[in-house]
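Residues per chain, in single letters:
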There are 2 protein chains.
Amino acid sequence: MTPIKDFASLTAHLRESGVRKRIAVVCASDRNTEQAVVHALEEGFADLIMVGDGDILDRFSELKRFPGRVEVIDVHDRDEAARVAVKLVRDGKADVLMKGLINTDNILRAILDKECGILPAGRVLTHVTVAEVPGRDKLLFFSDPAVIPSPTFSQRVEQVRYLASICRSFGIECPRIALVHCSEKVNAKMPVTLDYVRLVEMNRQGDFGKAIIDGPMDVKTACEATSGAIKGIVSPIEGNADALLFPDIESGNVFYKTLTLWAKALNAGMLCGTSAPVVLPSRSDTAEAKYTSLAVACLM
Amino acid sequence: MTPIKDFASLTAHLRESGVRKRIAVVCASDRNTEQAVVHALEEGFADLIMVGDGDILDRFSELKRFPGRVEVIDVHDRDEAARVAVKLVRDGKADVLMKGLINTDNILRAILDKECGILPAGRVLTHVTVAEVPGRDKLLFFSDPAVIPSPTFSQRVEQVRYLASICRSFGIECPRIALVHCSEKVNAKMPVTLDYVRLVEMNRQGDFGKAIIDGPMDVKTACEATSGAIKGIVSPIEGNADALLFPDIESGNVFYKTLTLWAKALNAGMLCGTSAPVVLPSRSDTAEAKYTSLAVACLM
């Protein structure tokens, strides 16, 4: 498979490979979510089950252009809407879950419910973002801007596994994964750097399959060839990372928001660990970002 | 004073107000630092004391254009160079300390030395960056991308004080300071959000002078008016922050690096808490960034 290097190629790939997924959308009461799902209908890789206010076809009349491809389930309470949509996924009636205008916490509660949720026992729930950043010649994958506040070592291991796996879904055979920290120094006072040493060693022993993993290093050293050279840092990442592992939710979230706000990046987000992909954009994301998140989830 | 809204106005302000500072530069062995100090010499607001390899005038011949304004102190060992430069500041022979191609940790050791350093007892050492971000109509101040890994509450108080004070040096009478977190929710499981509640309350009681302080909120809500509106967040910051307080060094550092790498921002950095301003750019910063950091320090 040729690596998918931008989001236009992702849509083309979905079209050419005849992908068609059923999406359960929770509380699509904002115009950005509407435009996103209409775009997915147009491209042909998604059918919709809209869970939320029952008058959605009246309010979002564009949806009427796709008869037979949009089902509506009328649920007024937001928490209940989340539970109903999660059950659709759990029962095999939907392939992907998508969040509209509802707080992340509220939809997470339904996903994580031990009896009725969609997180298999023992799986780590985390978030991966795929970013198309103007000026870069390929996509950038990173984790975790949204779910795990301060990952344990075993959670970091799973985050690296998910990053590697998603990179491979995009056709990157040997992903370069940089372990982000404010400095390149290993320092016992900063425990994350010790975790990183262990991750690099695990990769040396082949635990992550074919992958180049190195760190600690800062974002510039990971993504700009000249930065490491000036600092005298020699790394197999060579300033050419495919993926970034962030040390905590604060740094991941700042990266996500800064990319969209000032780097004019397009970010697509997805939950990992659940039994089916979950699209979890920020409520303030653009329609294009929400559409692209959906496309990423449909590739999985 | 008219607020200084970009770095060109900063240079103009320094020129017009006749500022002239003596800068002690540690290990200026890279071309970016050379170009930065030459630019400051040209603008006229700085004289130099170069502490490091004694042959610097031969290697950086541009410096010879300013006879009588560049002194050289020959010190080969980097740690010793840091100590000598710090002593110049301590003895009142230099007004500003500037870092060249030396690790932050090494220069910090000399600054923090209890006997011979320049951090008065009881002062909090932290870092403030001033960023000129294309697309914004004013400068953006933030803390701390470089020094305090995980600030205590009392350190956060001082960080806010420094941010407010530096904003006022730039002519912003009532700075808008946003307290950054991945979510707008106060949550006891995320102790930083409780610190933020206390900071907002302190400001309500007037502890930070004339200032608008609010949070927790994410970077987009702090800096983009439409973001908060979509999320239904009402804040006196109104998506128009002058300054951002970051929860930890990881998030601050990621913000700094991401701004320079992909938002084409120009970042100027400075240590706060020391008895004189300390310019502490990243070794991989451009000459323009290093020059601008120096200009910011000379405004203080």
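Parameters at a glance
- Residues numbered from 1 in each chain as written.
- Chains lettered and ligands numbered in written order.
- Predicted model: local features only at pLDDT ≥ 70, side-chain atom pairs only at ≥ 80, totals over all residues.
- Heavy atoms only, no water.
- Helix = DSSP H or I, 4+ residues; strand = E, 2+ residues; numbered from the N terminus.
- Rg over C-alpha atoms; globule rule 2.2 N^0.38 Å.
- Buried < 20%, exposed > 50% of the residue type's maximum accessible area, 1.4 Å probe, protein only.
- Contact = heavy atoms within 4.5 Å.
- Least-squares fit on C-alpha atoms with pLDDT ≥ 70 in both.
- Pairing = 2+ DSSP bridges.
- Right-handed = clockwise from strand over helix to strand, strands pointing away.
- Polar contact = N/O pair within 3.5 Å; in protein donor to acceptor, adjacent residues only side chain to side chain.
- Buried area = accessible area lost by both parts, 1.4 Å probe.
- Salt bridge = Lys/Arg side-chain N within 4 Å of Asp/Glu carboxyl O.
- Nonpolar A, V, L, I, M, F, W, Y, C, P; charged D, E, K, R; others polar.

**Q** Just to check I follow, could you spell out the overall build of chain A for this structure?
**A** The secondary structure content of chain A amounts to eleven helices and eleven strands. Relative to the 2.2 N^0.38 estimate, which gives 19 Å for 300 residues, the radius of gyration of chain A is 19 Å and therefore close to what a compact globule would have. Its C-alpha atoms give chain A principal-axis dimensions of about 60 × 40 × 30 Å. Within chain A, the proportion of its 300 residues that are buried is 61%. If you take every contact in chain A between residues at least 6 apart in sequence, the share linking residues at least 24 apart comes to 69%.

**Q** It is not clear to me how the relation of the copies chain A and chain B should be interpreted in this structure. Could you clarify?
**A** Mapping one chain copy onto the other needs a rotation about an axis and a shift along that axis. Each copy superposes on the other: chain A lies on chain B with an RMSD of 0.0 Å after a rotation of 180° and an axial shift of 0.0 Å. Viewed as a symmetry operation, the transformation between the two copies matches a two-fold axis. Rotation axis and chain A: the residue whose C-alpha lies nearest the axis is S251 of chain A, separated from it by 1.9 Å.

**Q** I keep staring at the pairing of strand β8 (residues 212-217) of chain A and nothing clicks. Help me out?
**A** Regular strands show a simple pattern: their side chains alternate between the two faces of the sheet. Residue and element names in this part refer to chain A. Among the six residues that make up β8, five are buried, leaving the element largely enclosed by the rest of the structure. Across four bridges, the pairing between strand β7 (residues 176-180) and β8 is parallel. By the bridge assignment for β8, A178 is matched with D214. In this region the chain leaves β7, passes through helix α7 (residues 191-204) and returns to the parallel neighbour β8; the handedness of that crossover is right-handed.

**Q** Can you help me understand the side chain of R176 of chain B in this one?
**A** All names here are of chain B. Within the secondary structure, R176 is located in strand β7 (residues 176-180). Reaching out from R176, the side chain makes a polar contact with the side chain of E238 at a distance of 3.4 Å. Beyond its immediate chain neighbours, meaning those up to four positions away, R176 contacts I212, P236, I237, E238, N240, A241, D242 and A243.

**Q** What is the right way to look at the pairing of strand β4 (residues 96-99) of chain B in this model?
**A** All names here are of chain B. Where burial is concerned, the two faces of β4 agree: the one with V96 and M98 and the one with L97 and K99 are both buried. Note: strand β1 (residues 21-26) against β4, four bridges, orientation parallel. Residue pairing in the sheet places V25 in a bridge with M98 of β4. In this sheet, strand β11 (residues 278-279) lies alongside β4 in parallel orientation, the contact comprising two bridges. Across the sheet, the residue bridging to M98 is V279, located in β11.

**Q** Explanation requested: the interface of chain A and chain B in the structure shown.
**A** Interface extent is often summarised as the accessible area lost during association of the parts. Contacts between the two partners involve 44 residues from chain A and, on the opposite side, 44 residues from chain B. Across the chain A/chain B interface, buried area totals approximately 3700 Å², and carbon plus sulfur atoms make up 64% of it. The interface formed by chain A and chain B contains four salt bridges. Note that K185 of chain B is salt-bridged to D105 of chain A, the shortest N-O span being 3.5 Å. Counting across the interface, chain A meets chain B through seven residue pairs in polar contact (both at pLDDT 80 or more). Elements supplying a minimum of two residues to the side of chain A that touches chain B: α5 (104-112), α8 (219-223), α9 (225-231) and α10 (249-262) of chain A. Here the side of chain A that touches chain B takes twelve residues from α10 of chain A, the largest share from any one element. Class assignment for the residues of the side of chain A that touches chain B results in 21 nonpolar, ten polar and 13 charged.

Remember, this is a structural readout, not a statement about activity or role.
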